Amino acid sequence: MALFEDFDSLLYISRFRDQLTSLSGMIRKRGCRRRCVQRPTVEEVEACRDNEAALWLKLVAIAAILIAGGVGVAIPLVGRKRRLMRTDGGLFVCAKAFAAGVILATGFVHMLHAAESSLSNPCLPESPWRIFPFSGFVAMLAALATLVADFVGTQFYERKHRSETTSGDEHERDIVVVPSPSTEHQPRSAKDAMHIVGMRAHAAAHSHSHKHVKGACDSHGFLPVRSHAHGHEDSEASSSHVRHVVVSQILELGILSHSVIIGLSLGVSQSPCTIKPLVVALSFHQFFEGFALGGCIAQAQFKNAAATMMACFFAITTPAGIGVGATVASWYDGNSPRALVVEGLLDSMSAGILIYMALVDLIAADFLSQTMRCNVRLQVVCYLALFLGAGAMSAVAIWA
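These figures come from a predicted structure and were not determined experimentally.

Visitor: Sorry, what's going on with the nonpolar core here?
Guide: Nonpolar side chains tend to gather and get buried jointly when the protein is soluble and globular. Ile-103, Leu-251, Ile-297, Phe-302, Met-357, Phe-367 and Cys-382 are the most contacted members of the largest nonpolar core, which has 52 residues in total. Listing elements by their share of this core, those giving two or more residues are α3 (51-79), α4 (90-119), α9 (230-268), α10 (272-300), α11 (304-328), α12 (337-367) and α14 (376-396). Ranked by residues supplied to this core, first place goes to α4 with 12 residues. Discounting chain neighbours no more than four positions away, the residues touching Met-357 are Thr-146, Val-247, Ile-250, Leu-251 and Leu-362. Counting 11 residues, the second-largest nonpolar core is a separate cluster that includes Leu-57, Ile-275, Val-279 and Leu-282.

Visitor: What exactly am I supposed to notice about the environment of Ala-143 here?
Guide: When you line up the elements, Ala-143 lands in helix α6 (residues 134-173). For the pair formed by Ala-143 and Leu-354, sequence separation is 211 residues and the distance between their alpha carbons is 8.2 Å. Residues within four places of Ala-143 in sequence aside, it is in contact with Gly-352 and Tyr-356.

Visitor: Where do I start with the side chain of Thr-146 in this structure?
Guide: Structurally, Thr-146 is set in helix α6. Within the structure, the side chain of Thr-146 is placed 2.7 Å from the backbone oxygen of Ala-142, a separation counted as a polar contact. Here Thr-146 is in contact with Ile-250, Ile-353, Tyr-356 and Met-357, once residues within four sequence places are set aside.

Visitor: I'm lost on empty space enclosed by the protein in this one. Help?
Guide: In this approach, a probe sized like a water molecule rolls over the atoms, and the result shows the empty space that is left. Tallying each qualifying case throughout the model produces 1 cavity of 30 Å³ or more. Taken as a whole, the largest cavity spans an internal volume of roughly 30 Å³. Along its surface, the largest cavity is lined by Val-93, Lys-96, Ala-97, Ala-100, Leu-362, Ile-363, Asp-366, Phe-367 and Met-372. Of all the secondary-structure elements, those providing two or more residues to the lining of the largest cavity are α4 and α12.

Visitor: Looking at this model, I keep getting lost on α3. Mind explaining?
Guide: For an α-helix, 3.6 residues make a turn, and residues three or four places apart therefore share a direction. Taking 1.5 Å of rise per residue, the 29 residues of α3 would be expected to cover 42 Å, and the 42 Å separating its terminal C-alpha atoms lies within 8% of that figure. The sharpest bend along α3 comes to roughly 25 degrees, located at Val-73, with the proline Pro-76 sitting one to four residues further on. Within the sequence span of α3, burial applies to Ala-54, Leu-57, Lys-58, Ala-61, Ile-65, Ala-68, Gly-69, Gly-72, Val-73, Pro-76, Leu-77 and Gly-79.

Visitor: Which parts of the structure should I look at to understand the pattern of salt bridges?
Guide: It is possible for side chains of opposite charge to pair when their charged atoms get near one another. Tallied over the full model, the rule gives 3 salt bridges. A salt bridge links Lys-96 to Asp-366, with the shortest nitrogen-to-oxygen separation between them at 3.6 Å. Of this pair, Lys-96 sits in helix α4 while Asp-366 is found in helix α12, placing the two residues 270 residues apart along the sequence. Classification of Lys-96 as buried rests on a relative accessible area of 4%. With its nearest N and O atoms 2.6 Å apart, the salt bridge here joins Asp-361 to Arg-243. Residue Asp-361 is found in helix α12, and its partner Arg-243 is found in helix α9; the two are separated by 118 residues along the sequence. The exposure class of Asp-361 is buried, given its relative accessible area of 6%. Connected via shared salt-bridge partners are Asp-150, Arg-243 and Asp-361.

What counts and what doesn't
Residue positions are given per chain, counting from 1 as you read along its sequence in written order. Only residues with pLDDT of at least 70 are given local features in this predicted model, and only at 80 or more are side-chain atom pairs given and counted; all residues enter the totals for whole chains, interfaces and linings. Side-chain measures here rest on the full set of heavy atoms in the structure, leaving out hydrogens and waters. Within this scheme, the nonpolar core is defined by two criteria: the residues are buried Ala, Val, Leu, Ile, Met, Phe, Trp, Tyr or Cys, and they are joined through side-chain atoms within 4.5 Å. A simple rule labels every residue: compare its accessible area, found with a 1.4 Å probe on the protein chains alone, to the largest value its type can have, and call it buried under 20%, exposed over 50%, or partly exposed in between. Under the scheme used here, helices are H or I runs from DSSP no shorter than 4 residues and strands are E runs no shorter than 2 residues, and both carry numbers assigned from the N terminus. Only heavy atoms matter for contacts: two residues are in contact if any of them lie within 4.5 Å across the pair. In protein, a polar contact means a hydrogen-donor-capable atom and an acceptor-capable atom, both N or O and within 3.5 Å, with residues adjacent in sequence counting only if both atoms are side-chain atoms; elsewhere, any N or O pair within 3.5 Å suffices. For cavity detection a 1 Å grid was placed over the protein atoms alone, and a set of points counts as a cavity when a 1.4 Å probe fits there but cannot get out; an open set counts as a pocket when protein lies on both sides within 12 Å along at least five of seven lines, with lining residues being those that have an atom within 4 Å of a point. Grid points are joined across faces, edges and corners, and a volume is the space filled by probe spheres set on the points. How far a helix is expected to stretch is found by multiplying one less than its residue total by 1.5 Å. Note on bend: at a given residue it equals the angle between the axes fitted to the 7 residues ending there and to the 7 starting there. Criterion for a salt bridge: a side-chain nitrogen of Lys or Arg within 4 Å of a carboxyl oxygen of Asp or Glu.

Below is the structure:
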């Protein structure tokens, strides 16, 4: 009899444990469903959900972001021929350092965090999305892919420039040089003397230039190194031009990829409480991203038509994303598994591209340059601008 009583108690405990397991599973599912749908309270619905007000705010956002991005990208392009905003001036370098800080914070604080939130959402299947850090992995792959594209693009443009230069040199060699009568009838000794004098002058100039190379800066410590030959100057100038061409194109690709996501996220929102802070934050963000991109385009020395097309393409991308988001807001579900995966992967890719471009092609390229190393005051101001830009864009994450 005691044996049957023990068996009944064990059976009761087993059933109770199964009920607790099923109940906890139901709670997890309801919690996931609640987080997926993100159901607000009744007060929040009445206060913040207003389709008509949200639509008007989206129109304001389109205009404000379009103006901010257009002005930001236009300032370096319009001012590159003016003394105050020359691309080799101190003011431009400092402003570009601030913009580089903004882009770096965008990649680390905004895009990477958004990607992690999307790909670790409890509404996604636990395998594989929540057992592996896909956001950091995809960002790393995007950074490495950007490195490869940077290298391949630089090699391509250098070979193209070298072939054009070689063809130009061959054309110059085809030109026949007729000696002047004054030197043609001179005695051989006079010609030799002139040749020796010319060799000595060249040697003196060569040794003088090497004196400049030994010291990284002049006696005051504020001037860059002088090259010892015109050929080297031309080679350095062409290499720098090629780098600016590649950097501007890859940077625009990275900025455009996340601008679409930002615009789409704002466009599908129906809450004025969410849209209002986003308008200010995104206008600030677009202005300084546009300034950094416009500076790279100005340094690349594109033709006016190409530079204008790149600037316009940047300026209209986020407003276009807002328009598309507003159009599909009635049926688009940003919390569906497919939308979460696509948005998370695109955010991860954008984060990797922006982090690479900010650290390698904007910050390292300017802060390790000869001009920066030879000007202590410029170093201090640019570092302050860099940290200020990164801090300001990080603070924007409180609202956006």
